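Given next are the chains, with one letter for each unit.
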Amino acid sequence: MNKRGQLGKIITSLPVLLLIILVIAIYLISVGLIGFFRMDGPDIPSVVEGIELDNVLLRDINIEVDGVDKSKIVFDWIVDLEGGGIDRYDFGRALKEMVVSEKIENNCLVIAKGESRNSAGLTGAEASDDYFIKFVDGEAFVGSLGNTPLILGGYESEGLLRQVSFNDDSGKRIYFQYYYGGCLE
Amino acid sequence: MRVLNRKGDTPTILLFVVTIVLVLAALFYFATFKGGFAEASESVSGVLNDVAFYQNYLIKQSEIMGKQSLEGLRTIVEDGFVGPVLPLSEEELRKKFKEIAERKNLNIMGVENFYVKVRDWNGVSFKFEDGGYVFEMKNLLIYSIDGGNKIRRTFSFIVEFDDVGKVVKSYKI
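Residues numbered from 1 in each chain as written. Chains lettered and ligands numbered in written order. Predicted model: local features only at pLDDT ≥ 70, side-chain atom pairs only at ≥ 80, totals over all residues. Heavy atoms only, no water.

**Q** Explain the overall build of chain B to me, please; I cannot follow it from the model alone.
**A** A count of helical and extended segments in chain B gives four helices and four strands. In chain B, which comprises 173 residues, the share counted as buried stands at 36%. Contacts spanning at least 24 positions in sequence make up 58% of the contacts within chain B whose residues lie at least 6 apart. Only carbon and sulfur atoms are counted for the fraction: they give 58% of the accessible area of chain B, which is about 10,500 Å². (Helix = DSSP H or I, 4+ residues; strand = E, 2+ residues; numbered from the N terminus. Buried < 20%, exposed > 50% of the residue type's maximum accessible area, 1.4 Å probe, protein only. Contact = heavy atoms within 4.5 Å. Areas by Shrake-Rupley, 256 points an atom, 1.4 Å probe, with all protein chains shown as cover.)

In structure tokens form, the structure reads like this:
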């Protein structure tokens, strides 16, 4: 029997068709499920980026804790602040001292902490852990709870804020945005 | 009258039905797609920023811990003493560095490997070399996880100190 003209019939035969449907179904289900599984990427050795150790979060500041003057970097103090280890007013005071000691005219420090991304500019309770310090005419001005959100929102709109996040002791993700440089007009 | 044999039409009809189903599925996917590329991109960018920061953070912490170790161990020289000050041994430096690292550990997720490596002194060295002190850590793993995104990075670095504990330079290797 000459089977040359049978390919079309084979392809459109029922078993082959069911097989094709099965393969497509498996593909669609895997695509749908892939979002539920976190896939670890390969370890990429990093030698391309330089080191940036003059980041404001890595500056040493002193805060008195239980009557003892302690020195830590800003980031460590922020972790302590989140854990309730220090008072936010003491932290704010130490930041102000740092800005004053550097004596860079028209320099502004912005720190905004929150439980979601891009928390700068949020008002109310969300703004209670935000800091804005401006050094102008030889003096440091500290933003108030009222006007700080608006000011911070301005820096965020200009894309000046950098963001870092970490997990606190309870596993909650804490985000904070920061900037230290020339003030926005 | 001869009845037409339609048995051979079943696969063809099925092909048509399956095509319709696939088209509807694709349309459904398009309709429910939220276009959230920006949101996904922001999350990835966030973990990348975290990892870049953690890298600098740990190098800075190594500088601080190394400096504090050297200052804490510096021999007190009596007045009138004439002679060379012996360099600190690796054993003394290791013990002091570990002690300081344990105190400074804030249990931040993503940087645990640094403290584990220091505790086990695995891939870590801190010794006197060429008139100063050199702290080296190899194959340090850091990571950041946010939602469905995770970035891991492995790097090695060196911090060089002078003989009184001042940082001379830090660099990745």
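From this point, the discussion proceeds with the structure in view.
**Q** In this structure, what is going on with the nonpolar core? I would like to understand it.
**A** Taken as a class, soluble globular proteins show a tendency for nonpolar side chains to be buried jointly. Grouped together as the largest cluster of nonpolar side chains are 63 residues, with contacts concentrated most on A:Leu57, A:Phe75, A:Phe91, B:Tyr57 and B:Phe135. At nine residues, helix 2 (residues 37-73) of chain B tops the list of elements feeding residues into this core. The residues touching A:Phe91, leaving out its near neighbours within four places in the chain, are A:Ile61, A:Ile63, A:Val74, A:Trp77, A:Ile78, A:Leu81, A:Ile86, A:Ile111 and A:Tyr131. (Core = buried A, V, L, I, M, F, W, Y, C linked by side-chain atoms within 4.5 Å.)

**Q** Would you mind going over helix 5 (residues 148-157) of chain A with me for this structure?
**A** Note on helix geometry: an α-helix contains 3.6 residues per turn, so any two residues three or four positions apart are oriented the same way. All names here are of chain A. Along helix 5, the positions that sit buried rather than exposed are Thr148, Pro149, Leu152, Gly153 and Tyr155. Buried residues of helix 5 fall within an arc of 160° about the axis and therefore sit on the same side. Turned more than 90 degrees off the buried face of helix 5, the exposed positions are Leu150 and Ser157. Where the residues of helix 5 are buried, they touch strand 4 (107-114), strand 5 (131-136) and strand 8 (173-182). Just beyond helix 5, the residue with positive phi is Gly159, at close to 70°. (Arc of directions from axis to C-beta.)

**Q** Help me understand the interface of chain B and chain A, please; the structure alone is not making it clear to me.
**A** With 39 residues of chain B at the interface, the matching set in chain A holds 38 residues. In total, chain B and chain A occlude about 3,400 Å² of area from one another, counting both sides; carbon and sulfur atoms represent 56% of this. Across the chain B-chain A interface, the total number found is one salt bridge. Between B:Asp50 and A:Arg173 there is a salt bridge whose closest N-O contact spans 2.9 Å. (Buried area = accessible area lost by both parts, 1.4 Å probe. Salt bridge = Lys/Arg side-chain N within 4 Å of Asp/Glu carboxyl O.)

**Q** Explain the pairing of strand 7 (residues 162-167) of chain A here, please?
**A** Along any regular strand the residues' side chains alternate between the sheet's two faces. Residues and elements named next belong to chain A. In terms of residue burial, strand 7 counts as a mostly covered element, since five of its six residues are buried. Relative to strand 8, strand 7 runs antiparallel, the two sharing six bridges. By the bridge assignment, Asn167 is partnered in strand 8 with Arg173. Following strand 7, the chain reverses through five residues before pairing antiparallel with strand 8; Gly171 in that reversal takes a positive phi of roughly 90°. (Pairing = 2+ DSSP bridges.)

**Q** I tried to follow the packing of aromatic side chains on my own but got confused; where do I start?
**A** Two numbers describe a pair of aromatic rings. These are the distance of the centres and the angle of the planes. With the rule as written, the count across this model stands at 20 aromatic pairs over all chains. Where A:Phe166 meets A:Phe176, the ring centres are 6.1 Å apart and the plane angle is 70°; that geometry is what we call edge-to-face. Here A:Phe166 is found in strand 7, whereas its partner A:Phe176 is found in strand 8, with ten residues between them in sequence. Here A:Phe166 falls in the buried class, since its relative accessible area comes to 0%. The class of A:Phe176 is buried, set by a relative accessible area of 0%. A:Arg88 extends its terminal NZ or CZ atom over the ring of A:Tyr89, reaching a point 4.5 Å from the ring centre. Of note, B:Lys150 hangs over the ring of B:Tyr143, and the distance from its end group to the ring centre comes to 5.3 Å. (Phe/Tyr/Trp six-rings, centres within 6.5 Å; stacked < 30°, edge-to-face > 60°. Lys NZ or Arg CZ within 6 Å of the ring centre and 35° of its normal.)

**Q** Can you walk me through the sheet that holds strand 5 of chain A in this structure?
**A** The strands that make up a sheet are held in pairs by hydrogen bonds between backbone atoms, and each pair lies either parallel or antiparallel. Residues and elements named next belong to chain A. One open sheet holds the five strands; their spatial order is 6-5-4-8-7, and the pairing between them is antiparallel. In the strand order of this sheet, the two ends are held by strand 6 (139-142) and strand 7, each with one partner. Between one strand axis and the next, the sheet turns by 15° as a mean value, whatever way the strands run. Examined bridge by bridge, strand 4 and strand 5 share five bridges and lie antiparallel to one another. Considered in strand 5, the bridge of Ile111 is made with Tyr131. (Axes fitted to C-alpha atoms, helices over the stretch in contact; angles between N-to-C directions.)

**Q** Help me out: how do you make sense of helix 3 (residues 74-82) of chain A in this one?
**A** Of all nine residues in helix 3 of chain A, eight are buried, a share of seventy percent or more. In the segment just after helix 3 of chain A, A:Gly84 is the residue with positive phi, at about 80°.

**Q** Can you help me understand the pattern of salt bridges in this one?
**A** Any two side chains of opposite charge can pair, on the condition that their charged atoms come close. Residues and elements named next belong to chain A. Scanning all chains against the criterion turns up twelve salt bridges over all chains. One salt bridge in this structure joins Arg59 and Glu102, with 2.5 Å as the shortest N-O distance. Within this pair, whereas Arg59 is found in the loop between strand 1 (44-45) and strand 2 (60-65), its partner Glu102 is found in helix 4 (residues 88-102), the two being separated by 43 residues in sequence. Since its relative accessible area comes to 23%, Arg59 is described here as partly exposed.

**Q** Could you clarify how one ought to interpret the environment of A:Ser101 in this entry?
**A** Residue and element names in this part refer to chain A. Considering the arrangement of structural elements, one finds Ser101 in helix 4. Relative accessible area serves as the criterion here: at 52%, Ser101 is assigned to the exposed category. A C-alpha to C-alpha distance of 19 Å links Ser101 and Leu53, two positions 48 residues apart in sequence. Only 2.8 Å separates the side chain of Ser101 from the backbone oxygen of Met98, close enough to count as a polar contact. (Polar contact = N/O pair within 3.5 Å; in protein donor to acceptor, adjacent residues only side chain to side chain.)

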